[in-house]
Amino acid sequence: MLLTEEEQSMLAGEQGDARQWAMNHMIQVGEFFDAENLVGVSQAHMMADTESLGEAGVQFVESLAILPEQDRTVRIPMITDPRGIDFRHYKSLKQTDDMASLEQRAINGFKALGILMTDTCINYQTITAPTRGEHLAFGDTGVVIYCNSVLGAFSNFEGGPSALAAGLTGRTPNYGLHLQRNRQGTKLFNVEVQPENLTDWGALGAIIGQRAGSYWQVPVINGISVTPSSDDLKHFGAAMASYGSTPLFHLVGHTPEAPDIETVCLPEKLSTQSIGAKDLEIFFGQYGNTGDKLDVVVFSAPQLSLFEMSEVASLLNNRTIHPDTAMLVVTSPAVYADATRFGITEKIERSGAMVLEGMCFYQSYAREMGLANGWRRLLTNSAKLTNIIGGYGYQPSLASMKTCINSAIAGEVL
Amino acid sequence: MTKSTIELVCHKGIGKLVSGVALVTSDNFSARYDLDRIKGVFSRPQHALYGQNYVEKILVVNTAKGGVASAWMLNEMVQRKMAPLALLFNNVNPILAQGAALANLTMCDRFDQGDVTQLISTGDHVTVDPTRGRVYINKA
């Protein structure tokens, strides 16, 4: 790879061990993907939950955290994805002291590197939204697909180690979606049904993700006549990225790189796949299970925006959830503070639900929580979560926010 | 190698030369979605390898799916000696490659001869040489 003088200096260890590790890591990854050089990035966002890091990852971070301050401090604004623990509630969730202890060690390590512990997967709604053409090193697939697609920023999926390398150097390997030529559409979808709520958007994203097939495919979606909200596209992108490992989509007439089909692809060279009401019906059919006793309702993945929090409170309408059903409402620390200030948190918690901040359900030792609490049947409005949580021993069901809340009150899947 | 050894050409990979027994599926892969990483088995009921042990196997899959977490997780699995010996993909995503780089876990993708999940069968003895971009198969 072609390196600048500054990059060669970091690689030679002249700027400390942490930056030398970062350079070596990026060169390995860059060469794997035939990157010719590195590209400067303005922000990094890192997955930082200890269920992912494990003891080995925490020890790795701690090994950097003991380096001299000038050698270990990140060089660009660097923020974090959700943690695995909400320290106010972990005992109620039957997470263990060992989990909390490992989480605290990770936090201490990250803070020593100068990382801002924002603990959020909705940073584009709550921290600083990137601008079109801005090169980034973002982790969390939902964050990346939203920032690429809806905002027109440039980022690959950056796992924790690579995001950290980017934070330490201000650079990332120049491949994949940092290159304009890889942002052209490769698969064309004609949508013949209009999503009516967040869950529909998630289901549609999931179907497209499944059909897209791999990270290197770019879906172009035509036929959406309604104007989606930020939360609609949040669920749409998060599910697509989860089901398909897809980092970029173009929604014709809505997203900035796709004012029309011809701008983002050569439609005559692509076969068109249709998605209609029947496809959505089949998708939802996989996650039905009406009448089943309900163990836990989860609103998470992605964390809820302030508007979603407000809607949960409104739909609860002073009702109380069933004593044998838990309900978890998960948001970012920034939204939590606002929701608390506006009385939304209190309204939700009065129902018997738990409002959690700074974590995300599936990043929080979901397997252990399920076993400890006896949770099997899980209902959510997040298509992304249904894709993930089966591997953790849950039986997931999918429904709209309204049906989820009514089910929590009834104690069964409605 | 013997006369019956099949040589596959792939893109230059990550990690060290390893040999082992293949576990193959045309399904996709995520460390977070699909695995019980404590027990070392595929745990998502819908996965084609559900219930099968992947530890110390040459795991051959179609592509990566989902999440960013696998980058940290591969390192954690390697440190606990509960990881596959190598991962082979038709096309991998950045996350798995980044995780392999941190963990020094052997990984290759982009095979010249076509679909690697059809070229290798479960039970085959496989040697992966990522530095040269070669995979050698002795059929079971």
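It should be noted that the structure appears before, not after, this text.
Here we summarise the structure given alongside this text.

## A word on the pattern of salt bridges
- Inspection of every chain in the model, using the stated rule, returns 29 salt bridges over all chains.
- With a shortest N-O distance of 3.8 Å, Arg-37 of chain B and Glu-76 of chain B are connected by a salt bridge. Placement of the pair is Arg-37 of chain B in the loop between β3 (35-36) and β4 (41-42) and Glu-76 of chain B in helix α2 (residues 70-79), with a sequence separation of 39 residues.
- On the accessibility criterion, Glu-76 of chain B (9% relative accessible area) is buried.
- Several salt bridges share partner residues, and in doing so they unite Asp-49 and Glu-51 of chain A together with Arg-32, Arg-37, Glu-76 and Arg-80 of chain B into one network.

## Section: the environment of Tyr-175 of chain A
- Following the sequence through the fold, Tyr-175 of chain A ends up in the loop between β5 (171-173) and β6 (187-191).
- Placed 142 residues apart in sequence, Tyr-175 of chain A and Phe-33 of chain A show a C-alpha to C-alpha distance of 6.6 Å.
- If near-sequence neighbours (up to four positions away) are discounted, Tyr-175 of chain A is found in contact with Val-29, Phe-33, Ala-35, Asn-156 and Trp-216 of chain A together with Pro-94 and Gln-98 of chain B.

## A closer look at helix α3 (residues 50-65) of chain A
Residue and element names in this part refer to chain A.
- For α3, built from 16 residues, the straight-helix expectation of 22 Å at 1.5 Å per residue is missed by more than 12%, its first-to-last C-alpha distance being only 16 Å.
- A maximum bend of about 70° is found in α3 at Ala-56.
- For α3, a buried count of 12 out of 16 residues is recorded, marking the element as mostly surrounded by other parts of the structure.
- For α3, the full list of buried residues reads Thr-50, Glu-51, Ser-52, Leu-53, Gly-54, Ala-56, Gly-57, Val-58, Phe-60, Val-61, Leu-64 and Ala-65.

## So, the interface of chain A and chain B
- Across the boundary between the two partners, chain A contributes 44 residues, which contact 37 residues of chain B.
- Between chain A and chain B lies a buried interface of about 3,200 Å² when both sides are counted; carbon and sulfur atoms form 60% of it.
- Linking chain A with chain B are five salt bridges, by the criterion used here.
- The residue Glu-51 of chain A makes a salt bridge to Arg-32 of chain B at a minimum N-O spacing of 3.4 Å.
- Residue assignment for the side of chain A that touches chain B shows that the elements contributing at least two residues are α2 (17-32), α3, α8 (160-169), α10 (230-244) and α17 (383-389) of chain A.
- Here the side of chain A that touches chain B gets eight residues from one element, more than from any other, and that element is α3 of chain A.
- Taken together, the residues of the side of chain A that touches chain B sort by class into 19 nonpolar, 18 polar and seven charged.

Conventions adopted
- Residues numbered from 1 in each chain as written.
- Chains lettered and ligands numbered in written order.
- Predicted model: local features only at pLDDT ≥ 70, side-chain atom pairs only at ≥ 80, totals over all residues.
- Heavy atoms only, no water.
- Salt bridge = Lys/Arg side-chain N within 4 Å of Asp/Glu carboxyl O.
- Helix = DSSP H or I, 4+ residues; strand = E, 2+ residues; numbered from the N terminus.
- Buried < 20%, exposed > 50% of the residue type's maximum accessible area, 1.4 Å probe, protein only.
- Contact = heavy atoms within 4.5 Å.
- Expected span 1.5 Å × (residues − 1).
- Bend = angle between axes of the 7 residues up to and from the residue.
- Buried area = accessible area lost by both parts, 1.4 Å probe.
- Nonpolar A, V, L, I, M, F, W, Y, C, P; charged D, E, K, R; others polar.

Just distances and angles here, no functional claims.
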